[in-house]
Amino acid sequence: MTDSGKAAFLAHLGEVLAGIEAEGLMKRERLIHGPQGAHVEVAGRRLLNLCANNYLGLADDPRLITAASAAMAGQGYGMASVRFICGTQNMHRALEARIAGFLGMEDSILFAACFDANGGLFEPLLGPEDAVISDSLNHASIIDGIRLCKAKRYRYANSDMADLEAQLQAARADGARFILVATDGVFSMDGYLAKLGEIRALADRYGAMVMVDDCHATGFMGPQGRGTPAHAGVSVDILTGTLGKALGGALGGYIAGPQPVIDLLRQRARPYLFSNALPPAVVAAGLAALDIVETADDLRAQLFENARYWRAGLEDAGFRLLPGEHPIVPVMLGDAVLAQNMASALYDRGVYVAGFFFPVVPKGQARIRTQMNARLTRDDLDFALDAFRAAGKAVGALA
Ligand SMILES: *Cc1c(COP(=O)(O)O)cnc(C)c1O
């Protein structure tokens, strides 16, 4: 590129950024000192944290830290290899077997992140003769993964079962060989659960398979935290998930499913073949997280009790919530600027939350997404409710 070409390009980017700023859509990152937890330190202040995916509070759990340290001491810091060259330790296979067992699947395969798992899932499994039917609110990584595959694409309105059936009929009418329905287990902007019972029944009626991304459920939804399929009492064909949320919050993703699916992904999934193996510390802590999760009924009970108390308190205060049972509790504000003002008014009052607005949610549906975790106490929640009432009045979100 010539110097003037580059200058024009950079000037163009500057205009795009100015446009984002002018619309009130600029995201700014706050710097946290110290570990992720129920409280975090930001700019020398201790804040109550209501926006982490740290559902069970394991992100700074001493048992995970011990497991990670021991693995680093014994198995080293990094793998310096993709899995198939020289990047597979016994622990990687142990974690894959453990995840599969936990989820009731034949096997699983690890990725650097669930974003990669979803990005690599579809292309090796489905060809141009096949169909993939996707919920309109699916996570960006599913959308991208589907874009990368050659199957014919169909989309249904979020959780609209009549539309899903219409798309199944369309795929059949178009002569699809195999059909895969893909959905988030939990739609993370709303905290809504996918209607897995109905999806399974419809898929069965049309001879389709079901894939669920359970990032916002594994570890705490359903018996033993086995996720939304267990919660709904159905089995699905393929599950994807993350180690980056309830299961310790570091990073790492996986796909679990039937043996031939996992075997073929190990041969063909591009983010698996062309990206580094997870480090030993993360793998060992993932195993430790599953040990904890399998017996963490107390943490799960506390999590859902916190969610119930939090919802009731916000509703009493006069906020508009989206209904539900999930520990994601969105406080609906509508306007992006109002959501940002509310987040900063809460910050001033010691509560750390994030405003969500376009393009993360549709225009006009800006919100503060709060998330409960098992480590929050009743005092914490009462403190947060006081802050929400005061901030809501200060910014005009409450009368
Ligand atoms: C967080 C999330 C992902 C991405 O997971 P990472 O492991 O952080 O890449 C994918 N899908 C859904 C539904 C998520 O919520």
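Residues numbered from 1 in each chain as written. Predicted model: local features only at pLDDT ≥ 70, side-chain atom pairs only at ≥ 80, totals over all residues. Heavy atoms only, no water.

We now examine the pairing of strand β2 (residues 39–42). Alternating residues of β2 divide into V40 and V42, all buried, and H39 and E41, none buried. Pairing analysis gives two bridges linking strand β1 (residues 32–33) to β2, with the strands arranged antiparallel. Note that in β2 the partner of I32 across the bridge is V42. Between β1 and β2, which pair antiparallel one after the other, the connecting turn spans five residues, and G34 there sits at a positive phi close to 85°. In terms of strand pairing, β2 meets strand β3 (residues 45–49) through four bridges, oriented antiparallel. The partner of V42 across the bridge, within β3, is R45. From the end of β2 to the start of β3, which pair antiparallel, there are two residues, and A43 there has a positive phi angle of about 50°. (Buried < 20%, exposed > 50% of the residue type's maximum accessible area, 1.4 Å probe, protein only. Helix = DSSP H or I, 4+ residues; strand = E, 2+ residues; numbered from the N terminus. Pairing = 2+ DSSP bridges.)

What follows covers the site of the ligand. The environment of the ligand is formed by 13 residues, the closest being C114, F115, D213, T242 and K245. One of the side-chain N or O atoms of K245 is found 2.6 Å from an oxygen atom in the ligand. The class makeup of the residues in the shell around the ligand is four nonpolar, six polar and three charged. (Near = heavy atom within 4 Å. Polar contact = N/O pair within 3.5 Å; in protein donor to acceptor, adjacent residues only side chain to side chain. Nonpolar A, V, L, I, M, F, W, Y, C, P; charged D, E, K, R; others polar.)

Judged by pairing direction, the sheet is antiparallel, and its three strands sit side by side in the order β13-β16-β15 without closing on themselves. Two strands in the sheet have a free side with no partner beyond their single neighbour: β13 (328–334) and β15 (354–356). Strand-to-strand, the axes of this sheet are offset by a mean angle of 30°, without reference to chain direction. In terms of strand pairing, β13 meets strand β16 (residues 366–371) through six bridges, oriented antiparallel. Each bridged residue has a counterpart across the sheet, and for M332 the counterpart in β16 is R367. Lying over the sheet, helix α13 (residues 297–317) contacts β13 and β16, oriented at roughly 20° with respect to β13. Each of β13, β15 and β16 touches helix α14 (residues 336–348); the most contacted strand, β16, lies at about 35° to it. (Axes fitted to C-alpha atoms, helices over the stretch in contact; angles between N-to-C directions. Contact = heavy atoms within 4.5 Å.)

This part takes up helix α4 (residues 90–103). Over its 14 residues, α4 runs 20 Å from end to end, which matches the ideal 20 Å to within 8%, given 1.5 Å per residue. Just beyond α4, the residue with positive phi is G104, at close to 70°. (Expected span 1.5 Å × (residues − 1).)

Our next topic: the domain arrangement of the protein chain. According to the domain assignment, the protein chain consists of domain 1 (27–56 + 297–395) and domain 2 (62–294). On the domain 2 side, the residues contacting the 20 residues of domain 1 number 20 residues. Summing the contributions of domain 1 and of domain 2, the shared interface buries around 1,700 Å²; its carbon and sulfur component is 59%. Where domain 1 packs against domain 2, one counts one salt bridge. One can count eight residue pairs in polar contact (both at pLDDT 80 or more) joining domain 1 with domain 2. Listing elements by their share of the side of domain 1 that touches domain 2, those giving two or more residues are α13, β13 and β16. Considering only residue class, the side of domain 1 that touches domain 2 consists of twelve nonpolar, three polar and five charged. (Domains from an automatic or database assignment. Buried area = accessible area lost by both parts, 1.4 Å probe. Salt bridge = Lys/Arg side-chain N within 4 Å of Asp/Glu carboxyl O.)

Glancing now at the sheet that holds strand β14 (residues 351–352). Read across the open sheet, the four strands follow the order β1-β2-β3-β14; overall the sheet is mixed. What marks the edges here is a single partner per strand, and that holds for β1 and β14. Across the face of the sheet, α14 comes into contact with β2, β3 and β14 while running at roughly 125° to β3.

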